[in-house]
Amino acid sequence: MTNDGRYKYELHCHTKEVSACGQVPAAELVRLYREKGYDGVVITDHYSGLTFPLLQKFQMRERVDNYLRGYRSARDAAADDFTVLLGMELRGYCSPIDFLVYGVSEQMLRESGNLLFRYSRRFYKTAQKYGALVVAAHPFRMRPFKANPRFIDGAEIFNGKESPEGNQRAVQWAEQNGIILRTAGSDFHRTSHKNFSGILTETPIRTNEELLRILRTNAFEPITPDTP
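## Quick notes on the sheet that holds strand S6 (residues 99-102)
Phase 1 of the analysis: On the basis of which strands lie adjacent, the open sheet formed by six strands has the order S3-S5-S6-S7-S8-S9 and mixed pairing. Only two strands of the sheet have a single neighbouring strand rather than two, namely strand S3 (46-47) and strand S9 (181-185).
Phase 2 of the analysis: Two elements, strand S8 (residues 154-159) and S9, share five bridges in a ladder whose sense is parallel. From the neighbouring strand, Gly154 faces S9, where its bridge partner is Leu181.
Phase 3 of the analysis: Seen against the sheet, helix H5 (residues 120-129) touches strand S5 (88-90), S6 and strand S7 (133-136) and runs at an angle of roughly 140° to S7.

Here it is in structure tokens:
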């Protein structure tokens, strides 16, 4: 909890157990975030071709269980007063665009098949079926940016690994397209990370249902360099 009584949550972080670019084990990630005053994290490990080679297409049970390792390790390491939720950062086999997904459940992962074969429109329908929210991650890291505003619920307008120019372009793009849900996240991969971010809330978040309600009602403040 912050000094002004608000709760602090990370919406974009990766574990060594799952993300090929992650360098910090999930238990260490939890310890670090607790030290930095966070009340919880959403584990958004990469759901991509690097995580799931094409040859694993039909190994459904093993694929899902492997993907859950980081989340489960973080959850096991957390005390009762620290929230760990399951999310994902999705990049399909045929697209360079990354999407953050909130409200992910094990049921969604097990029932939906290989999500990497789904283009944005079809994946968005899948997310809606399970009540999840889809947010364009660091929208201007990859150029040209081609995410269709019709198939997302929000945009990440501050990313801790993005340049100031890229984050500003994300804000402008959200404004131009009438995107109300604007999130922030650290995009944490390693202990040397500098620009920690996330959201501040007036009420605690314990479940995915509470996270989705907070995001849908915009009952949060994104943490940016301008945040006191």
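## So, unusual backbone geometry
Phase 1 of the analysis: Its identity is not glycine, yet His138 carries a phi of approximately 25°, on the positive side.
Phase 2 of the analysis: On the secondary structure map, His138 appears in the loop between S7 and S8.
Phase 3 of the analysis: Taking relative accessible area as the criterion, His138 reaches 4% and is therefore assigned buried.
Phase 4 of the analysis: Positive phi, close to 55°, is recorded for Asn218, a residue that is not glycine.
Phase 5 of the analysis: Mapped onto the fold, Asn218 is located in the loop between helix H7 (208-216) and strand S11 (221-223).
Phase 6 of the analysis: For Asn218, a relative accessible area of 29% gives the class partly exposed.

Calculation criteria
Residues numbered from 1 in each chain as written. Predicted model: local features only at pLDDT ≥ 70, side-chain atom pairs only at ≥ 80, totals over all residues. Heavy atoms only, no water. Pairing = 2+ DSSP bridges. Helix = DSSP H or I, 4+ residues; strand = E, 2+ residues; numbered from the N terminus. Contact = heavy atoms within 4.5 Å. Axes fitted to C-alpha atoms, helices over the stretch in contact; angles between N-to-C directions. Buried < 20%, exposed > 50% of the residue type's maximum accessible area, 1.4 Å probe, protein only.

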